[in-house]
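Secondary and tertiary structure notes
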Amino acid sequence: MSVTAGAKKRVVVFISGGGSNMLSLVSTATDPDFPAEIIAVISDKAEAGGLAKAAALGIATSSFVRRDFQSKEAHEAAILAELDRLQPDIICLAGYMRLLSAAFIQRHEGRILNIHPSLLPLFPGLNTHQRALEAGMKLAGCSVHFVTEAMDDGPIIAQAAVPILAGDTPETLAARVLTVEHKTYPLALRLVAEGQVEMKEGRAVSHAVGEASGTLISPAI
Ligand code: GRF
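Residues numbered from 1 in each chain as written. Predicted model: local features only at pLDDT ≥ 70, side-chain atom pairs only at ≥ 80, totals over all residues. Heavy atoms only, no water.

Per an unreviewed UniProt entry, the chain is named Phosphoribosylglycinamide formyltransferase, and its organism is Rhizobium fredii. The chain has a UniProt comment under Sequence similarities (unreviewed entry) that states "Belongs to the GART family." As its UniProt record puts it under Pathway (unreviewed entry), the chain is described as follows: "Purine metabolism; IMP biosynthesis via de novo pathway; N(2)-formyl-N(1)-(5-phospho-D-ribosyl)glycinamide from N(1)-(5-phospho-D-ribosyl)glycinamide (10-formyl THF route): step 1/1." (UniProt positions renumbered as here; feature names shortened; annotations may be inferred.)

Below is the structure:
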């Protein structure tokens, strides 16, 4: 299933926390020329800070707390029912700290995007920045990719790189990477919403012409 070209694409954003990436998508999508609109925000945590921020901007929000459901399947079934109601073209995971099941992903395959704060395939999973520092990396960055069944493993749509500086801690590095996350996710969403990049046979296929590309290099390098 891929995203077809046409009118503004309907996007639902999934969050678990503060939602700064969600806010960058919302703010970019207020541009009348942006090819997508954020129609709703869904969280697995009722206390996620991003929910109130989205609601304050007039965006529909809902939370599905795992402990309110008997099983992962029942939890996901409730979210899938909400998605059936919302009819999104694209789902953006933005700091959503829960693995989606294969069945969930298959229902929306090719239409779910995720952002991860590393240059994938390096450092998937948790403690990304700590591991990049321990490996002695000189570059870090973020990746937006299509979601497949393996964690942080799907085809890459866009990446951005930032330098790792002497004295960096996981916190200072995370903050630097976050600044480019806020540019990279809107770029990737644009590419997918315009049909310039699509997932086909497990790969990200680019139909981009001219200068459209999924690469951002921080000017700080
Ligand atoms: C970001 O670093 C994102 O890459 C990771 O979780 C963090 C979420 O931050 N998956 P925010 O909630 O978007 O501020």
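**With respect to the site of the ligand**
Taken together, the residues surrounding the ligand are Gly18, Gly19, Ser20, Asn21, Gly95, Ile115, Pro117, Leu178 and Glu181. In the environment of the ligand, an oxygen atom lies 2.5 Å from a nitrogen or oxygen atom belonging to the side chain of serine 20. Isolated, the ligand exposes 370 Å² of accessible area, and the fraction of that covered by the protein chains is 77%. Of all the secondary structure elements, the ones that give two or more residues to the shell around the ligand are helix 1 (20–29) and helix 6 (170–193). In terms of residue class, the shell around the ligand is made up of 3 nonpolar, 5 polar and 1 charged. (Near = heavy atom within 4 Å. Polar contact = N/O pair within 3.5 Å; in protein donor to acceptor, adjacent residues only side chain to side chain. Areas by Shrake-Rupley, 256 points an atom, 1.4 Å probe, with all protein chains shown as cover. Helix = DSSP H or I, 4+ residues; strand = E, 2+ residues; numbered from the N terminus. Nonpolar A, V, L, I, M, F, W, Y, C, P; charged D, E, K, R; others polar.)

**What about the nonpolar core?**
By size, the foremost hydrophobic cluster in this structure holds 42 residues, and its most contacted members are Val13, Cys92, Leu113, Ile157 and Leu189. Sort the elements by how many residues they give to this core and helix 6 lands first, with 9 residues. Setting aside residues no more than four positions away along its own chain, cysteine 92 makes contact with Val11, Val12, Val13, Phe14, Leu25, Leu113, Tyr185 and Leu189. Within the second largest apolar cluster, 19 residues are counted, among which are Leu83, Leu86, Leu93 and Phe104. (Core = buried A, V, L, I, M, F, W, Y, C linked by side-chain atoms within 4.5 Å. Buried < 20%, exposed > 50% of the residue type's maximum accessible area, 1.4 Å probe, protein only. Contact = heavy atoms within 4.5 Å.)

**Let's talk about the UniProt feature "binding site: (6R)-10-formyltetrahydrofolate" (unreviewed entry) in the chain**
The UniProt record marks Lys72, Met97, Arg98, Leu99, Leu100 and Asn114 with the feature "binding site: (6R)-10-formyltetrahydrofolate" (unreviewed entry), using the residue numbering of this structure. Note that lysine 72 resides in helix 3 (residues 72–86). Aside from chain neighbours lying at most four places away, what touches lysine 72 is Arg66, Leu99 and Ser101. Along the polypeptide, methionine 97 turns up in the loop between strand 4 (90–93) and helix 4 (102–107). A relative accessible area of 55% places methionine 97 in the exposed class.

**Points about the UniProt feature "domain: Formyl transferase N-terminal" (unreviewed entry) in the chain**
In this numbering, the UniProt entry assigns the feature "domain: Formyl transferase N-terminal" (unreviewed entry) to residues 9–189. Between the end C-alpha atoms of residues 9–189 there is a gap of 10 Å, over a span that is 36% helix and 24% strand.

**With respect to the pattern of salt bridges**
With the rule as written, the count across this model stands at 8 salt bridges. A salt bridge links lysine 45 to aspartate 44; the shortest N-O distance between them is 3.7 Å. Between glutamate 82 and arginine 85 there is a salt bridge, and its shortest N-O distance comes to 2.9 Å. In this pair, glutamate 82 and arginine 85 both sit in helix 3, 3 residues apart, roughly one turn of the helix. Residue classification places glutamate 82 among the buried residues on the basis of a relative accessible area of 14%. Linked by salt bridges that have partners in common, Asp44, Lys45 and Arg98 make up one network. (Salt bridge = Lys/Arg side-chain N within 4 Å of Asp/Glu carboxyl O.)

**Observations regarding the packing of aromatic side chains**
Counted under the stated rule, the structure contains 2 aromatic pairs. Plain terms: the ring middles of phenylalanine 14 and tyrosine 96 are 5.1 Å apart, the flat faces sit at 70° to each other, and that makes the pair edge-to-face. Of this pair, phenylalanine 14 sits in strand 1 (residues 9–15) while tyrosine 96 is found in the loop between strand 4 and helix 4, placing the two residues 82 residues apart along the sequence. The residues phenylalanine 14 and tyrosine 96 share a single accessibility class, namely buried. Consider the rings of phenylalanine 14 and phenylalanine 104, whose centres lie 6.4 Å apart with planes at 80°: the pair is edge-to-face. Of this pair, phenylalanine 14 sits in strand 1 while phenylalanine 104 is found in helix 4, placing the two residues 90 residues apart along the sequence. Phenylalanine 104 matches phenylalanine 14 in its accessibility class, with the two residues each being buried. Ring pairs connect the aromatic residues Phe14, Tyr96 and Phe104, which therefore count as one cluster. (Phe/Tyr/Trp six-rings, centres within 6.5 Å; stacked < 30°, edge-to-face > 60°.)

**A short note on the state of the cysteines**
One pass over the structure, following the stated rule, counts 0 disulfides. Free cysteine cysteine 92: the closest other cysteine sulfur is in cysteine 142, separated by 13 Å. According to the relative accessible area criterion, cysteine 92 is buried, its value standing at 0%. For cysteine 142, a relative accessible area of 0% corresponds to the buried category. (Disulfide = S-S within 2.5 Å.)

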